[in-house]
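Here's the letter readout for the chains.
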Amino acid sequence: MKKKSVAGIIALNFFKTIGIILLLVAVGVLSYYLTMLYFDQTARTERSTTYKHVITVNTGNESSNLIYSYDAKSRKIKAMVLELFDSVSGNMNYITIPVNTQITITANTYADLMKVSQKLPQVCRMTDINDYFKGDVAYEYGILILQEELKADIGYFTAISSDKFGSYFENAGSKSKPKYKPAKALLDRASACSSPGDLEDLMEEAWEDLITDVTLSQKQGYGDALMKVQQDKIRLYRAYGTKNGDVYTLNSEKNRKLINRIWESQSYTESQGGGSKTAGSSPSPASGRLIQITNGSGIDGLAAAYRTKLEADSLQIKGLGNYTGQKQTQTIIYAKKKKWGQELKKYFPSATVVERADLTNGADVEVLLGTDARLP
């Protein structure tokens, strides 16, 4: 038997190596395509990502969600409910807006919208939004028109076909003056959730029924906050306005005040209409906040003195502390919502109010005392 030459052995090993490399590359490519095929088959295509939005979609701490019920055939709007949810306080509110609401669009807004749709009349009805505009973005144009009339920001929309709307909402008012609230069966299912994860699963289960301009993950971001909502504390309203024949005209000023009052409310401790308060006996809005007082002034006992002062006005002091940085000359009020900090300005008139999410001891408001807060 002839011995193989060195060159032959090298060549043989070379081709074996090349073969193994090619096999590994083929396996890698096949795995990649199989993986992509899997994701193509299982990934959810979010409707909200398939078109250009005409509003700034906002899913912040104050969730303002305009809910439409639409007829699947005619596309007419059959019901409208503005859901206002404060994820910090846990307050949930629903304002029913009559679908025969008629709005006169301001000249500047109308000029802009006419560039989009020649079908839009300057005096329009909310029930006809899908006649004026095409596609899911029609609901956002509805927000643009309605929020201008309400003089209040609306962050996003949810649209539900009228044949499924009853699974999500029920009428707590009359037939002629509906006042919608979440359906009891839905609330019971939500109450049975033992964790935010369970609630997020419930949202995912319902997601195919909805048209919305937010993603599922954005909506699920409210899971923790929604766990705080209590069924008997949910509050219902009907938008202020006047009915003339088959036309409803909103009272912009009254509705603006209602919405502002809702956002400024402390955490609800009783059901709607529960309890009675005489005029002038209402507690300060700040009485529902948890307040941390941090002494940055270097003045001994100043934080304790302010605790006594604020507690005398029924404010809740979460804790006291000393600032570890350099001495502060100006008081700063940090608050999860800027308006909450403004509520304390009467105690600290020269203070600056700064919005901040994470505060010491999980407080709602933290007052960093400076030397300007020195008491007489």
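Before any of the text, the structure's been laid out above.
Residues numbered from 1 in each chain as written. Predicted model: local features only at pLDDT ≥ 70, side-chain atom pairs only at ≥ 80, totals over all residues. Heavy atoms only, no water.

Overview of a nonpolar patch on the surface
Keep this limit in mind: Patch members must show over 30% relative accessible area and no salt bridge, and they are joined within 9 Å when carrying like charges or within 5 Å when they are nonpolar side chains of Val, Leu, Ile, Met, Phe, Trp or Tyr. All accessibility values rest on the Shrake-Rupley procedure with a 1.4 Å probe; residue burial counts only the protein chains present in the view. Any carboxyl oxygen of Asp or Glu that lies within 4 Å of a side-chain nitrogen of Lys or Arg is treated as forming a salt bridge with it. Only runs of H or I of at least four residues qualify as helices and only runs of E of at least two qualify as strands under DSSP, and these elements are numbered from the N terminus.
On the surface, Ile18, Ile21, Leu22 and Val25 cluster together into a nonpolar patch covering about 350 Å² of accessible area. With respect to the helices and strands, Ile18 occurs in helix H1 (residues 6-42).

A look at the sheet that holds strand S1 (residues 62-70)
To keep things clear, this is the line we draw: Being paired, for any two strands, means DSSP has found at least two bridges between them. A fitted line through C-alpha atoms serves as each axis, taken over the contacting stretch for helices, and the angle formed by two N-to-C directions is quoted from 0 to 180°.
Sheet architecture is open: six strands sit in the order S9-S6-S1-S2-S3-S10, paired in mixed fashion. Each edge of the sheet is formed by a strand with only one pairing partner; in this case those strands are strand S9 (210-212) and strand S10 (235-238). Across the sheet, the mean angle separating the axes of adjacent strands is 25° when strand polarity is ignored. With nine bridges joining them, S1 and strand S2 (residues 77-86) adopt antiparallel strand pairing.

Here's the deal with the packing of aromatic side chains
Worth spelling out the cut-off: Pairing of aromatic rings covers Phe, Tyr and Trp, the last through its six-membered ring, and needs centres within 6.5 Å; plane angles under 30 degrees mean stacked, over 60 mean edge-to-face, and all others mean tilted. Burial classes follow relative accessibility: with a 1.4 Å probe on protein chains only, a residue under 20% of its type's maximum area counts as buried, one over 50% as exposed, and anything between as partly exposed. Charge-over-ring contacts are defined here by two conditions on Lys NZ or Arg CZ: a distance within 6 Å of the ring centre and an angle within 35 degrees of the ring normal.
Per the stated rule, a full pass over the model turns up ten aromatic pairs. Seen in terms of ring centroids, Phe85 and Tyr222 are 6.1 Å apart; in terms of plane orientation they differ by 70°. Their pairing is edge-to-face. Placement of the pair is Phe85 in strand S2 and Tyr222 in the loop between helix H8 (216-220) and helix H9 (223-226), with a sequence separation of 137 residues. A relative accessible area of 5% places Tyr222 in the buried class. On the basis of an interplanar angle of 85° and a centroid distance of 5.4 Å, the ring pair of Phe165 and Tyr180 is categorised as edge-to-face. Taken together, the residues span a long stretch of sequence, with Phe165 in helix H5 (residues 162-165) and Tyr180 in strand S8 (residues 180-182) at a distance of 15 residues. Following the ring pairs from residue to residue traces out a cluster consisting of Tyr68, Tyr70, Tyr139 and Phe157. If you follow Arg235 out to its NZ or CZ, it ends over the ring of Tyr268, 3.8 Å from the centre. Note that Arg238 overlies the ring of Tyr248, its terminal NZ or CZ placed 5.8 Å from the centroid.

Side note on unusual backbone geometry
Glycine aside, negative phi is the norm for most residues, and most peptide bonds take the trans geometry. The phi angle at Arg75 is positive, at roughly 70°, despite the residue not being glycine. Mapped onto the secondary structure, Arg75 falls in the loop between S1 and S2. Since its relative accessible area comes to 30%, Arg75 is described here as partly exposed. Positive phi is not limited to glycine here, since Lys151 has a value of about 60°. Following the sequence through the fold, Lys151 ends up in the loop between helix H4 (137-150) and strand S6 (156-161). A relative accessible area of 51% places Lys151 in the exposed class.

Description of helix H11 (residues 302-311)
This is how the line gets drawn: This arc describes the spread of directions from the helix axis toward the C-beta atoms. By definition in these notes, contact holds between two residues if any of their heavy atoms fall within 4.5 Å.
All buried positions along H11 are accounted for by Leu302, Ala303, Tyr306 and Leu310. Taken end-on, H11 shows its buried residues confined to a sector of 95°, consistent with a single buried face. Taken together, the buried residues of H11 touch strand S13 (290-295), strand S14 (316-322) and strand S17 (365-369).

Some remarks on the sheet that holds strand S15 (residues 332-335)
Pairing between the strands of a sheet is mediated by backbone hydrogen bonds and can be parallel or antiparallel. The sheet built from five strands is open, its strands ordered S14-S13-S17-S15-S16 with mixed pairing. Sheet topology places S14 and strand S16 (352-355) at the edges, where each strand pairs with a single neighbour. Geometrically, the sheet is characterised by an average inter-axis angle of 20° between neighbouring strands, direction not taken into account. When S15 meets S17, the two strands line up antiparallel, connected through four bridges. Across the sheet, residue Ile332 finds its bridge partner in S17, namely Leu368.

Details of the pairing of strand S12 (residues 247-250)
Of the strand pairs in this sheet, strand S11 (residues 241-244) and S12 are connected by four bridges, and their pairing is antiparallel. Bridging across to S12, Gly241 finds its partner in Leu250. Linking two consecutive strands that pair antiparallel, namely S11 and S12, is a turn of two residues; a positive phi of about 70° is found at Gly245 within it.

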